[in-house]
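This is what each chain is made of:
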Amino acid sequence: MNKTTVLVVEDDSAVRNLITTTLETHDYKYIKAANGQSALMETSTHKPDIILLDLGLPDIDGIDIIKRIRTWSEVPIIVISARSEDTDKIDALDSGADDYLTKPFSVDELLARLRVTQRRLASMKNTDPEDSTFTNGELRIDYAAGSVFMNDEEIHLTPIEYKLLCLLAKNNGKVLTHNFITNNIWGSSFDSDLMSLRVFMTTLRKKLDKSSKSGQQYIQTHVGIGYRMNKL
Ligand code: CA
């Protein structure tokens, strides 16, 4: 099997070395970039499988790098943010990043994020776009019938709960921001939409949790940021 190649974009050499050493000892291949220009160049010439991108770079803003890469590539991007505020993570996710890590992060966190992204990549390759059903652990969505099953038992969802679940399923494993979700479901992102989203998400999760025999958590909350369907 080919090793996964990770492009590490980080101007702080200590952090960059920590990441590349971790990657090396866990059987990943890596490419390094210390600024935005070389990040863009390495992305187009070496076509990495995953990009780890520090948002605070000396030359180009991390958010701009995401936007530029997204004009030609769907490569998964995990951003590394030094700031504890959620706004830059939200901007990054809304600009097309897939996931985030907050500094300081542990080696285990880094590896966990990479594994989630790899699972997403693998399932993207194996999904037939014509496929009319979605499966994740005990959960199954029959798009043609508009029905949802947990362990082959039908769960009754309201139309909005169903739309929410389909949106999360379509982006299985990816963190979706509140804005992204409310825009998709209601076409707007007012505070009232955000409040509705919380309510619908709570009822949706209750229904999923009640029917799950494994006790697995299907929907993960990212406080202040959004939600993600866990890829099981
Ligand atoms: Ca930096």
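Basis of the calculations
Residues numbered from 1 in each chain as written. Predicted model: local features only at pLDDT ≥ 70, side-chain atom pairs only at ≥ 80, totals over all residues. Heavy atoms only, no water. Pairing = 2+ DSSP bridges. Helix = DSSP H or I, 4+ residues; strand = E, 2+ residues; numbered from the N terminus. Axes fitted to C-alpha atoms, helices over the stretch in contact; angles between N-to-C directions. Contact = heavy atoms within 4.5 Å. Donors = N, O, S within 2.8 Å, 3.2 Å for Na, K, Ca; no water. Buried < 20%, exposed > 50% of the residue type's maximum accessible area, 1.4 Å probe, protein only. Right-handed = clockwise from strand over helix to strand, strands pointing away. Patch = residues over 30% accessible without salt bridge, like charges linked within 9 Å, V, L, I, M, F, W, Y side chains within 5 Å. Areas by Shrake-Rupley, 256 points an atom, 1.4 Å probe, with all protein chains shown as cover. Salt bridge = Lys/Arg side-chain N within 4 Å of Asp/Glu carboxyl O. Lys, Arg positive; Asp, Glu negative; His and termini not counted. Charge placed at Lys NZ, Arg CZ, Asp CG, Glu CD. Parallel < 35°, antiparallel > 145°, perpendicular 65-115°, else oblique. Nonpolar A, V, L, I, M, F, W, Y, C, P; charged D, E, K, R; others polar.

Undergrad: Looking at this structure, how should I read the sheet that holds strand β6 (residues 133-136)?
TA: By way of backbone hydrogen bonds, the strands of a sheet pair with one another, either parallel or antiparallel. The strand order across the open sheet formed by four strands is β6-β7-β8-β9, and the pairing between neighbours is antiparallel. Only two strands of the sheet have a single neighbouring strand rather than two, namely β6 and β9 (153-155). Going across the sheet, the axis of each strand differs from the next one's by a mean of 25°, ignoring polarity. Bridge analysis of strand β7 (residues 139-142) against strand β8 (residues 147-150) gives four bridges, and the strand direction is antiparallel. Residue pairing for β8: D142 is matched across the bridge by S147. Contacts between helix α6 (residues 159-170) and the sheet are confined to β6, β7 and β8, with β7 contributing the most and set at about 110° to the helix. Running at roughly 165° to β9, helix α8 (residues 191-211) makes contact with β7, β8 and β9 of the sheet.

Undergrad: In this structure, what is going on with the sheet that holds strand β5 (residues 99-102)? I would like to understand it.
TA: Taken together, five strands build an open sheet; the order of strands is β2-β1-β3-β4-β5 and the sheet is parallel. Each of the sheet's edge strands pairs with one partner strand only, and the pair in question is β2 (29-33) and β5. With strand direction ignored, the average angle separating the axes of adjacent strands in the sheet is 20°. Relative to strand β3 (residues 50-54), strand β1 (residues 5-9) runs parallel, the two being bridged by four bridges. Along β3, the bridge assignment pairs V9 with L53. The strands touched by helix α2 (residues 36-46) within the sheet are β1, β2 and β3, with β2 carrying the most contacts at an inclination of about 145°.

Undergrad: Is there a simple way to explain the coordination of the calcium ion in this structure?
TA: Ideal donor angles around a metal are set by the shape: a four-donor tetrahedron calls for 109.5 degrees, a six-donor octahedron for 90 or 180 degrees. The calcium ion binds to the protein through D11 (OD), D54 (OD) and G56 (O), with metal-donor distances spanning 2.2 to 2.4 Å. Here the donor residues of the calcium ion share one chain and are spaced in sequence as D-x42-D-x1-G. Taking the relative accessible area as the measure of exposure, G56 reaches 37% and is therefore partly exposed.

Undergrad: Sorry, what's going on with the pairing of β1 here?
TA: Remember that side chains alternate between the two faces of the sheet whenever the strand is regular. Buried residues dominate β1, accounting for five of its five residues. The alternating pattern of β1 places T5, L7 and V9 on one face and V6 and V8 on the opposite face, and all of these are buried. Note that the unit made of β1, helix α1 (residues 13-25) and β2 has a crossover that is right-handed.

Undergrad: Whenever I open this one, a negative patch on the surface confuses me. Can you help?
TA: Taken together, the side chains of D61, D64, D91 and D94 make up a negatively charged region of the molecular surface. By relative accessible area, which is 35% here, D64 ends up partly exposed.

Undergrad: Just checking my understanding: could you explain the packing of α6 against α8 for this structure?
TA: In a packed pair of helices, the relevant descriptors are the angle between the two axes and the axis-to-axis distance. Viewed as axis vectors pointing N to C, α6 and α8 meet at an angle of 80°, and their least axial separation amounts to 10 Å. Our classification of the angle between α6 and α8 gives roughly perpendicular. Residues I160, E161, L164, L165 and L168 of α6 form the contact with α8, whose own contacting residues are L197, F200, M201, T203, L204, K207 and L208. For the contact of α6 with α8, a count of residues per class yields nine nonpolar, one polar and two charged.

Undergrad: I'm lost on the environment of A145 in this one. Help?
TA: As for its position among the elements, A145 is in the loop between β7 and β8. A C-alpha to C-alpha distance of 31 Å links A145 and D94, two positions 51 residues apart in sequence.

Undergrad: Where do I start with unusual backbone geometry in this structure?
TA: Excluding glycine, residues mostly carry a negative phi; peptide bonds, for their part, are mostly trans. That bond from K103 to P104 is cis: its omega, -5°, falls within 30 degrees of zero. Looking at the element boundaries, P104 is found in the loop between β5 and α5 (107-126). Non-glycine residue D27 carries a positive phi angle of around 70°. Here D27 is to be found in the loop between α1 and β2. Judged by its relative accessible area of 51%, D27 is exposed. Despite not being glycine, D152 shows a phi value in the positive range, around 65°. Summarising the element assignment, D152 is placed in the loop between β8 and β9. A relative accessible area of 62% places D152 in the exposed class.

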